[in-house]
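Now for the letters of each chain:
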Amino acid sequence: MAGLAVNVDHVATLRQNRGTRYPEPVAAAVLVEMAGADGVVVHLREDRRHIQDRDVRVIREIVSTKMIFEMAATPEMIAIASEIKPHLVTLVPEKREELTTEGGMDLTRHGEFVAKAVAQLKGFGIPVSLFIDPDPTQVELAKQAGADIIEIHTGAFCEASTEEEKKKRFAEVLAAARRAKGLDMGVNAGHGLCYQTVGWFKGVSEIDEFSIGHSIISRAVLVGLERAVREMVELVKQL
Ligand code: PXP
């Protein structure tokens with residue numbers, strides 16, 4: 001059965017928008033776990049636009065499931081990871097001007113650089129996942145780079161505007177997941193997944209864990225965080 005990791009970045013987004021002390025992402029992490037999620041995800045961006053250093057440290061301390069630390073492969077972030085020792089690091093590409101992580105890592109261009117970061121993190125005893133597009137070449141390169149897990153970028157699938165395009169994009173996600181399993185890697189999936197799109201994964205056994213943030217936090221504004229997480233946990237359990 002697949003798991004669900006919930007990204008609480010957007011609780012921090014709301015706080016940072018007004019420069020207040022609330023809403024508290026640490027409280028969100030507690031509620032997310034109480035509602036049955038298998039992990040809490042935070043992305044500490046270089047520009048600190050949502051999650052702050054203190055959030056990462058406190059959430060790492062209080063989680064009872066697992067804490068997944070999303071980060072760019074920079075010396076600054078590697079140093080923070082080495083100190084806080086998350087249960088998993090997911091390396092993502094990061095551009096200052098983007099609204100959210102817009103694409104997977106390009107291991108064709110940056111494979112060597114990423115492999116060095118993976119080796120460093122694994123040297124600290126931290127398992128590493130690489131966020132990549134659903135492309136078989138990227139899957140092979142992730143294996144070569146030493147990743148334990150890949151996280152498949154589901155953005156193109158979620159954003160596809162026609163049924164035909166959606167099917168095509170979903171087939172790519174599935175093929176990448178199967179390739180990774182064939183290479184004995186763990187497989188996570190995320191970005192843009194919501195209460196509708198997650199149902200596409202019914203009967204797909206290759207995904208170990210879904211990583212979902214925006215749709216859950218958005219629903220939480222209307223129905224409360226515990227209910228929003230529980231509803232997604234139920235959907236994931238039924239897959
Ligand atoms: N996985 C990764 C690597 C991400 O960067 C994000 C976005 O922060 C997510 C999953 C979650 O995406 P969403 O917020 O669209 O559910």
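Residues numbered from 1 in each chain as written. Predicted model: local features only at pLDDT ≥ 70, side-chain atom pairs only at ≥ 80, totals over all residues. Heavy atoms only, no water.

**Student:** Please set out the site of the ligand residue by residue, giving values where relevant.
**Tutor:** Glu70, Glu151, Gly192, Gly213 and His214 are the nearest of the 13 residues found near the ligand. With respect to the ligand, the side chain of Asn7 contributes an N or O atom lying 3.4 Å from an oxygen atom. Within the backbone of Gly192, one N or O atom sits 2.8 Å away from an oxygen atom of the ligand. In isolation the ligand has 400 Å² of accessible area, and contact with the protein removes 95% of it. Considered class by class, the residues forming the shell around the ligand number three nonpolar, eight polar and two charged. (Near = heavy atom within 4 Å. Polar contact = N/O pair within 3.5 Å; in protein donor to acceptor, adjacent residues only side chain to side chain. Areas by Shrake-Rupley, 256 points an atom, 1.4 Å probe, with all protein chains shown as cover. Nonpolar A, V, L, I, M, F, W, Y, C, P; charged D, E, K, R; others polar.)

**Student:** Could you give an account of the pattern of salt bridges, naming the residues involved and the relevant values?
**Tutor:** Scanning the entire structure with this criterion turns up 18 salt bridges. Its salt-bridge partner being Glu140, residue Arg179 comes within 2.5 Å of it at the nearest N-O pair. Taken together, the residues Arg179 in helix 8 (residues 163-182) and Glu140 in helix 6 (residues 136-144) connect sequence positions 39 residues apart. The class for Arg179 is partly exposed, based on a relative accessible area of 33%. Taken together, the shared-partner salt bridges in this structure form one network comprising Arg15, Glu24, Arg54 and Asp55. (Salt bridge = Lys/Arg side-chain N within 4 Å of Asp/Glu carboxyl O. Helix = DSSP H or I, 4+ residues; strand = E, 2+ residues; numbered from the N terminus. Buried < 20%, exposed > 50% of the residue type's maximum accessible area, 1.4 Å probe, protein only.)

**Student:** Residues and numbers for the pairing of strand 4 (residues 88-91), please.
**Tutor:** Side-chain alternation along strand 4 places Leu88 and Thr90 on one buried face and Val89 and Leu91 on a second face that is also buried. Pairing between strand 4 and strand 5 (residues 128-132): three bridges, direction parallel. In the strand pairing of strand 5, Leu91 is matched with Leu130. (Pairing = 2+ DSSP bridges.)

**Student:** An account of the packing of aromatic side chains is needed here, citing residue identities and associated values.
**Tutor:** Inspection of every chain in the model, using the stated rule, returns six aromatic pairs. Residues Phe157 and Trp200 carry aromatic rings whose centres are separated by 5.2 Å and whose planes lie at 70 degrees to one another, so their mutual orientation is edge-to-face. On the criterion of sequence distance, the pair formed by Phe157 in helix 7 (residues 155-159) and Trp200 in the loop between strand 7 (186-190) and strand 8 (209-212) is long-range, its members being 43 residues apart. Relative to Phe201, the ring of Phe170 lies with its centre 4.9 Å away and its plane at 75 degrees, an arrangement referred to as edge-to-face. Of the two residues, Phe170 is situated in helix 8 and Phe201 in the loop between strand 7 and strand 8; the sequence distance between them amounts to 31 residues. (Phe/Tyr/Trp six-rings, centres within 6.5 Å; stacked < 30°, edge-to-face > 60°.)

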